[in-house]
Amino acid sequence: MLETSARLLRLLSLLQIRPDWTSTELAGRLGVTTRTVRNDVERLRALGYPVNARPGVAGGYRLGSGGALPPLLLDDDEVVAVAVGLRTAASVTGIGETSVRALAKLQQILPSRLRHRISAFQAATVVLPSPGPAVDPDVLTAIAGACRDHHRLAFDYRTHAGSAARRSVEPYRLVHHRGRWYLVAWDLDRDDWRTFRVDRMDPRTPTGPRFTPRSLPPDPELMARISRGVGEATWRYRARVVVEASAEHVRSRLPIPVDIEELGDQRCAFSPGSDHPEMLALYLGMLDADFTVTDAPELVAVLGKLAERYQRAAAAG
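**Student:** Can you break down the sheet that holds strand β3 (residues 60–63) residue by residue, with the values?
**Tutor:** Within a sheet, each strand pairs with its neighbour through backbone hydrogen bonds, oriented either parallel or antiparallel. The antiparallel open sheet is built from 3 strands, whose spatial order is β1-β3-β2. Each end of this open sheet is capped by a strand with a single partner; those strands are β1 (21–22) and β2 (51–54). Where helix α3 (residues 34–46) meets the sheet, it contacts β2 and β3, and its direction lies at approximately 145° from that of β2.

Here you go:
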């Protein structure tokens, strides 16, 4: 006869395989009496598993749904299916961050035989390209694990210009934004919060020592830092623009949130960015106000070219 703990796990596995079981069937599978089955069902209920009794001559049980999710027992095939599904979902906007956290928990306890099966499946799978750069799920789960366990993280980082540097951080949050993954972390060398693009990171293992988590900034401030960091990590071109209009007017004309410096009642400045100077010119054209551009020769050249083009179009009309 199985020990009580092993028998409970076996009983739980049987209840998850099939919707309905009679007491006699369960007793036969477990090699015990129907009275022992009833006692084991009560133990499972005490642990939070919603086991429903089925009335009838033979009696029976069914694993129901409850207010909380108790631990699940999965066979090898089911574990592989869940891991592959989570890896795929890691690139889906809206559930990507949750999928990475779940995958990090699962990877931590996977036996080597299942790791090999999952790797083989991934190697034989063709995935259509996503809008953002590809990120290795193993890198995501390694970073998520460091965030969860409060372990310092060292990594080689490639900047947009192509230069490389070693960074050491206290990782806090993974953020999925516009098809890209970012890490929000406390940079130990800069002694400040920083945002890093995950596709430019090459984490070093094992991770560093544990750290005592710092108090995160208030949500609005943290989101503002992330927005600025995402822009700085993504944009290829930046400019400082002084606008002859109020900050309120500029905010109402732009389709994206920006930090605006007020210089007076009818004068303000902000620093937009983009991968293309033409896109910056488009945003500035929406301001419906006079402006001056500094520190952006590529943008100035594009504005001059567009001005000539618009002049020709106006003359032709």
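**Student:** How would you sum up the packing of aromatic side chains? Please name residues and give values.
**Tutor:** Under the definition given, this model contains 6 aromatic pairs. Measuring from centroid to centroid gives 6.1 Å for phenylalanine 155 and tyrosine 157, while their planes differ by 75°, and the two rings are edge-to-face. The class for phenylalanine 155 is buried, based on a relative accessible area of 0%. Aromatic pair tyrosine 157 and phenylalanine 196: ring centres 5.3 Å apart, planes at 80°, arrangement edge-to-face. With tyrosine 157 in strand β4 (residues 153–158) and phenylalanine 196 in strand β7 (residues 192–197), this residue pair connects regions lying 39 residues apart in the sequence. A single burial state applies to tyrosine 157 and to phenylalanine 196, both of which are buried. A network of ring pairs unites the aromatic residues Tyr172, Trp186, Trp193 and Phe211 as a single cluster.

**Student:** So, the nonpolar core: which residues are in play, and what are the values?
**Tutor:** Val243, Val250, Phe270 and Leu299 are the most contacted members of the largest nonpolar core, which has 21 residues in total. For this core, the secondary structure elements donating two or more residues are β10 (240–243), α9 (247–253), β12 (267–270), α10 (277–285) and α11 (297–316). Sorting elements by how many residues they give to this core places α10 first, with 4 residues. Contact partners of valine 250, with chain neighbours within four places excluded, come to Val243, Ile260, Cys268, Phe270 and Leu287. Counting residues in each nonpolar core, the second largest holds 20 residues, with Phe155, Tyr157, Ala185 and Val198 among its members.

**Student:** Residues and numbers for the sheet that holds β12, please.
**Tutor:** Here we have 4 strands laid out as an open sheet, ordered β11-β12-β10-β14, and antiparallel in their pairing. In this open sheet, the two edge strands, each paired with only one partner strand, are β11 (260–264) and β14 (291–294). Recorded for the sheet is a direction-independent mean angle of 20° between the axes of neighbouring strands. As defined by bridge partners, β10 adjoins β12 across 3 bridges and the pair is classed as antiparallel. Across the sheet, valine 243 pairs through a bridge with cysteine 268, a residue of β12.

**Student:** I'd like a rundown of the packing of helix α1 (residues 4–17) against helix α2 (residues 23–30), residues and numbers included.
**Tutor:** One way to put it is that α1 packs onto α2 with a least axis distance of 11 Å and a crossing angle of 130°. If you check the angle between α1 and α2, you find them oblique. For the pair α1 and α2, the sense of crossing is right-handed. Across from Arg7, Arg10, Leu11, Leu14 and Leu15 in α1, the residues of α2 making contact are Leu26, Arg29 and Leu30.

**Student:** Describe the side chain of arginine 167, listing the residues and the values that go with them.
**Tutor:** Mapped onto the secondary structure, arginine 167 falls in strand β5 (residues 164–177). For arginine 167, a relative accessible area of 10% translates into the label buried. Residue contacts for arginine 167: discarding those within four places in its chain leaves Leu153, Ala154, Phe155, Tyr157, Asp187, Asp189, Arg190 and Phe196.

Cut-offs used in this document
- Every chain is numbered on its own, with residues counted from 1 as its sequence reads.
- Thresholds applied to this predicted model are a pLDDT of at least 70 for local features of residues and 80 or more for the giving and counting of side-chain atom pairs; totals over whole chains, interfaces and linings are not thresholded and use all residues.
- The side-chain numbers reported here are obtained from all heavy atoms of the structure, hydrogens and water having been left aside.
- DSSP calls a pair of strands paired once it identifies at least 2 bridges connecting them.
- Each helix corresponds to a stretch of at least 4 residues labelled H or I by DSSP, and each strand to a stretch of at least 2 residues labelled E; elements are numbered beginning at the N terminus.
- Should any heavy atoms of two residues lie within 4.5 Å, those residues are considered in contact.
- For helices, the fitted axis covers only the stretch in contact; all axes are lines through C-alpha atoms, and the angles between them, taken along N-to-C directions, range from 0 to 180 degrees.
- Put simply, two rings from Phe, Tyr or Trp (the six-membered ring, in Trp's case) pair if the centres are within 6.5 Å, and we call them stacked under 30 degrees between planes, edge-to-face over 60, tilted for the rest.
- Relative accessibility thresholds used throughout: buried, under 20% of the residue-type maximum; exposed, over 50%; partly exposed, between the two (1.4 Å probe, protein chains only).
- Here, nonpolar core refers to any group of buried Ala, Val, Leu, Ile, Met, Phe, Trp, Tyr and Cys residues whose side-chain atoms link them within 4.5 Å.
- In this scheme, roughly parallel covers angles under 35 degrees and roughly antiparallel covers those over 145, while 65 to 115 is roughly perpendicular and the rest are oblique.
- Crossing handedness follows the turn of the near helix against the far one: under a right angle anticlockwise gives a left-handed crossing, and clockwise gives a right-handed one.

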